[in-house]
Amino acid sequence: MENISLRKATIKDKALVVDFDYSLDKVEHIELKREEKITKAILDKECFIILVNNRAVGFVIFDYRFFDQGWIELIIIEEKYRGKGIGGQAFDLICKQCKTNKVFTSTNSSNIQMQKALSKAGFSFAGKINGLDDGDPELFYYKKIKSKKAKN
Ligand SMILES: CC(C)(COP(=O)(O)OP(=O)(O)OC[C@H]1O[C@@H](n2cnc3c(N)ncnc32)[C@H](O)[C@@H]1OP(=O)(O)O)[C@@H](O)C(=O)NCCC(=O)NCCS
């Protein structure tokens, strides 16, 4: 049985995280200055390494910037580990550590893999925003988390 866990990234993980992001989309990585964003997320303690049996297979950036709700900013899993349920379990772990009653995230309508992973992990469709990426609307999802003390 595979053991999936999250651990907070430290600055020592920066090269690893940058590499995951660079491998996904080199052009976006450079144009959107993702290295800077990743460094900031690590320093702000908002970046988590996804581990399978203690091996780093990806990362997730999670914060509370979306209307003060839990917000999954970015998740990337190394290609050979995708489609095995690791993303779904990473979402569950994020929901467990979330301090609010709901976790939100978004993805492009072209990203079927992310939409499937979110549905499988119990996320519901929240709405669509046009105009961010031309011809590829942004789809928002959320999940209600039970037994949180704070009401949101
Ligand atoms: C999106 C992502 C985080 C999901 O994690 P994952 O571990 O692959 O997801 P899971 O295995 O939990 O979930 C998966 C569903 O996606 C399906 N899936 C996996 N790979 C797929 C593919 N290449 N095409 C279509 N569906 C795929 C699985 O079969 C499963 O669906 P099922 O319920 O029908 O079995 C991961 O695929 C990834 O890192 N993708 C590239 C980066 C990315 O797009 N990040 C999101 C940015 S918004």
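Residues numbered from 1 in each chain as written. Predicted model: local features only at pLDDT ≥ 70, side-chain atom pairs only at ≥ 80, totals over all residues. Heavy atoms only, no water.

An unreviewed UniProt entry annotates the protein chain as GNAT family N-acetyltransferase originating from Splendidivirga corallicola.

1. Details of the packing of aromatic side chains
Enumeration over the complete set of coordinates arrives at 10 aromatic pairs. When the ring of phenylalanine 66 is compared with that of phenylalanine 104, the centres are 5.2 Å apart and the planes differ by 40°; the resulting orientation is tilted. Taken together, the residues phenylalanine 66 in strand 3 (residues 55-66) and phenylalanine 104 in strand 5 (residues 102-108) connect sequence positions 38 residues apart. Taken together, the ring pairs in this structure connect Phe66, Phe67, Trp71, Phe104, Phe140 and Tyr142 into an aromatic cluster. (Phe/Tyr/Trp six-rings, centres within 6.5 Å; stacked < 30°, edge-to-face > 60°. Helix = DSSP H or I, 4+ residues; strand = E, 2+ residues; numbered from the N terminus.)

2. Considerations on the UniProt feature "domain: N-acetyltransferase" (unreviewed entry) in the protein chain
In the numbering adopted here, UniProt assigns the feature "domain: N-acetyltransferase" (unreviewed entry) to residues 4-146. Helix makes up 34% of residues 4-146 and strand makes up 36%, while its end C-alpha atoms are separated by 21 Å. (UniProt positions renumbered as here; feature names shortened; annotations may be inferred.)

3. A closer look at helix 4 (residues 86-97)
Look at helix 4: 17 Å from first C-alpha to last across 12 residues, which is about the 16 Å you get at 1.5 Å a residue. Buried within helix 4 are the following residues: Ile86, Gly87, Gly88, Ala90, Phe91, Ile94 and Cys95. (Expected span 1.5 Å × (residues − 1). Buried < 20%, exposed > 50% of the residue type's maximum accessible area, 1.4 Å probe, protein only.)

4. Things to note about the packing of helix 1 (residues 14-24) against helix 3 (residues 34-43)
Two elements in contact, helix 1 and helix 3, have axes separated by 10 Å at closest approach and are oriented at 135°. Looking at the two axes, helix 1 sits oblique to helix 3. Relative to helix 3, the crossing made by helix 1 is right-handed. Across from Lys14, Val17, Val18 and Asp21 in helix 1, the residues of helix 3 making contact are Arg34, Glu35, Ile38, Thr39 and Ile42. (Axes fitted to C-alpha atoms, helices over the stretch in contact; angles between N-to-C directions. Parallel < 35°, antiparallel > 145°, perpendicular 65-115°, else oblique. Left-handed = near helix turned anticlockwise from the far one by under 90°. Contact = heavy atoms within 4.5 Å.)

5. Focus: the pattern of salt bridges
Summed over all chains, the structure comprises 10 salt bridges. Note that arginine 34 and glutamate 28 form a salt bridge whose closest N and O atoms lie 3.4 Å from each other. Accessibility expressed as a relative area gives 13% for arginine 34, which makes it buried. Residue glutamate 28 is classed as partly exposed on the basis of its relative accessible area of 36%. Three or more residues joined by partner-sharing salt bridges are found here, namely Lys40, Asp44, Glu46, Asp63 and Arg65. (Salt bridge = Lys/Arg side-chain N within 4 Å of Asp/Glu carboxyl O.)

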